[in-house]
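Chains, contacts and geometry: an overview
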Amino acid sequence: MQNLIEIIKLFFHLGLTAFGGPAAHIAMIHREVVHKRKWMDDEHFLDLVGATSLIPGPNSTEMAIHCGFHRAKVPGLLASGISFILPACVLTALLAYLYTLALRIPHFEATMLGIKAVVIVLIAQALQKLWKKAVRGYELGLVAALVLALGLSGIGEIYALFIGATFGFGLLKIKNDVTLKSVAFAPVFWVFAKIGSVLFGSGYVLIAYLQDEIVEKRAWLTSAQIADAVAIGQLTPGPVLSTSTFVGYLLNGGWGAVAASIGIFFPSFLFVFFLNPLIPKMRRSKNLSLLLDSLNAGAVGLMAYALFPLGKVAFGDPRGILVFVLTLLLLWKIPKISSFKLIGFGFISGLILARVL
């Protein structure tokens, strides 16, 4: 019981304070569970990090679940995951409620343009960082380009990712062999469970899936509303995928927020439960390593595709372009400024420009 209380306190605290994206979240978890509490050593922690990359879902959330499972088995798995996810989902649902009220405010959409422009910069930054890690060599560059092209062709993000991953796996295998609206609860849940089951890479890849599943296939929301959801999701700590809570709220109020939140995160609990005992074997698998490289490159391609619908919304108004340019200048002047401050800058800039122009 004492272990469970300790797990809940730690991951609830992290869920309230973990800003900065998955990499920053994992660094905070590492500091807490390895250095401060000595729950495991560095080698095992790195094994868990590598294992989370082999399965769909949000990496930092799955790391939290892995650590809870390591500490207290299945009760720890549930305690750590729920404690880490809950603060972000509750805060995002509250922002979604305020958003629905704010839609009645004059010039609100023009104000939001500033945040949308900043989100494009944030995604481009994430792309720049992930490209260096995920695209190592021309083969993986071809995978990223193929997935981007398939996404733009309208084939659908899930199919694009797995076609790209299969193509990349084949390329790498050959090379290795040679050189060695109101929407009901159930549909909302299943759509987000589907996304959570196939979402590889950064949480920003979620944008491409939302565009495909929510806007293009079902016409439940508009690209502008998805852009707002992503922008507001950046204001909360914890997993980036809490954006799903916001989208769910727009689809069916509080129950929609619950359905989307459970749907997007539930697969991660299952994956971690079944994966954790297999980690030692997976770590030694050459074929899984090759497939992982291809999936990561494909995820980068999907992130690049996500820029297009957001760009249409943000750059369709001169004020959005102006905020985008101002954001780039601010980043040039203060390169290490936090995402939270950038979003705040975008909101204030959009607010001012909506009144002036």
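Everything that follows concerns the structure shown earlier in this document.
Below: a short report on this structure. (Residues numbered from 1 in each chain as written. Predicted model: local features only at pLDDT ≥ 70, side-chain atom pairs only at ≥ 80, totals over all residues. Heavy atoms only, no water.)

Before going further, it helps to spend a moment on the overall build of the protein chain. Counting its secondary structure elements, the protein chain contains 15 helices and zero strands. Here the protein chain holds 357 residues, and the buried ones make up 54% of them. When the accessible surface of the protein chain is split by element, carbon and sulfur atoms take 70% of a total near 15,800 Å². (Helix = DSSP H or I, 4+ residues; strand = E, 2+ residues; numbered from the N terminus. Buried < 20%, exposed > 50% of the residue type's maximum accessible area, 1.4 Å probe, protein only. Areas by Shrake-Rupley, 256 points an atom, 1.4 Å probe, with all protein chains shown as cover.)

To continue, consider the packing of aromatic side chains. Per the counting criterion, the structure on display carries four aromatic pairs. Aromatic side chains Phe185 and Trp255 sit 6.1 Å apart centroid to centroid with 70° between the ring planes, which places their arrangement in the edge-to-face category. Residue Phe185 is located in helix α8 (residues 185-198), and its partner Trp255 is located in helix α11 (residues 243-275); the two are separated by 70 residues in the primary sequence. With relative accessibility at 35%, the residue Phe185 sits in the partly exposed group. Between the aromatic rings of Phe189 and Trp190, the centroid separation amounts to 5.2 Å while the plane-to-plane angle is 75°, which identifies the pairing as edge-to-face. The class of Phe189 is buried, set by a relative accessible area of 16%. The exposure class assigned to Trp190 is exposed, which follows from its relative accessible area of 59%. Over the ring of Phe69 we find Lys73; its NZ or CZ atom is 5.9 Å from the centre of that ring. Taking NZ or CZ as reference, Arg218 lies 5.6 Å from the ring centre of Trp220, over its face. (Phe/Tyr/Trp six-rings, centres within 6.5 Å; stacked < 30°, edge-to-face > 60°. Lys NZ or Arg CZ within 6 Å of the ring centre and 35° of its normal.)

The subject of this paragraph is helix α1 (residues 2-17). Between the first and last C-alpha of α1 there are 23 Å, a value that for 16 residues agrees with the 22 Å anticipated at 1.5 Å per step. Buried residues of α1: Ile7, Leu10, Phe11, Leu14 and Gly15, and no others. Looking down the long axis of α1, one finds its buried residues gathered within 130° of arc, a one-sided arrangement. Residues of α1 that are exposed and angled more than 90 degrees away from the buried face: Gln2 and Lys9. (Expected span 1.5 Å × (residues − 1). Arc of directions from axis to C-beta.)

Mapped onto the elements of the fold, Val147 is located in helix α6 (residues 138-153). Classification of Val147 by relative accessible area gives buried; the value is 0%. Distance from Val147 to Ala160, taken between C-alpha atoms, is 5.3 Å for residues 13 residues apart in sequence.

A separate point is the packing of helix α10 (residues 223-233) against α11. Where α10 contacts α11, the two axes come as close as 8 Å, and the packing angle between them is 135°. One finds that α10 runs oblique with respect to α11. Crossing geometry of α10 relative to α11 is assigned as right-handed. Here α10 contributes Gln225, Ile226, Asp228, Ala229, Val230, Ile232 and Gly233 to the contact with α11, which in turn contributes Thr243, Phe246, Val247 and Leu250. Of the residues assigned to the contact of α10 with α11, the class counts are seven nonpolar, three polar and one charged. (Axes fitted to C-alpha atoms, helices over the stretch in contact; angles between N-to-C directions. Parallel < 35°, antiparallel > 145°, perpendicular 65-115°, else oblique. Left-handed = near helix turned anticlockwise from the far one by under 90°. Contact = heavy atoms within 4.5 Å. Nonpolar A, V, L, I, M, F, W, Y, C, P; charged D, E, K, R; others polar.)

Comment: phi is negative for the bulk of residues other than glycine, and the bulk of peptide bonds are trans. The phi torsion at Lys38 lies on the positive side, around 60°, for a residue other than glycine. Its location among the elements puts Lys38 in the loop between α2 (22-36) and α3 (42-52). A relative accessible area of 62% means that Lys38 is categorised as exposed. Although it is not a glycine, Ala219 sits at a positive phi angle of roughly 55°. You can see Ala219 is positioned in the loop between α9 (206-217) and α10.

Attention shifts here to the side chain of Ser261. Relative to the elements of secondary structure, Ser261 occurs in helix α11. Judged by its relative accessible area of 12%, Ser261 is buried. Here the side chain of Ser261 touches Ala257 through a polar contact of 2.7 Å, landing on its backbone oxygen. (Polar contact = N/O pair within 3.5 Å; in protein donor to acceptor, adjacent residues only side chain to side chain.)

For the rest of this paragraph, the subject is the pattern of salt bridges. Taken as a whole, this structure holds eight salt bridges when the rule is applied. Residue Glu6 is joined to Arg37 by a salt bridge in which the shortest nitrogen-to-oxygen separation is 3.8 Å. Highlighted residues: Glu6 in helix α1 and Arg37 in the loop between α2 and α3, separated in sequence by 31 residues. Exposure remark for Glu6: the relative accessible area of 24% places this residue in the partly exposed category. Linked by salt bridges that have partners in common, Glu6, Glu32, Lys36, Arg37 and Arg71 make up one network. (Salt bridge = Lys/Arg side-chain N within 4 Å of Asp/Glu carboxyl O.)

So, to be careful, I would describe these as geometric facts and stop short of saying anything about function.
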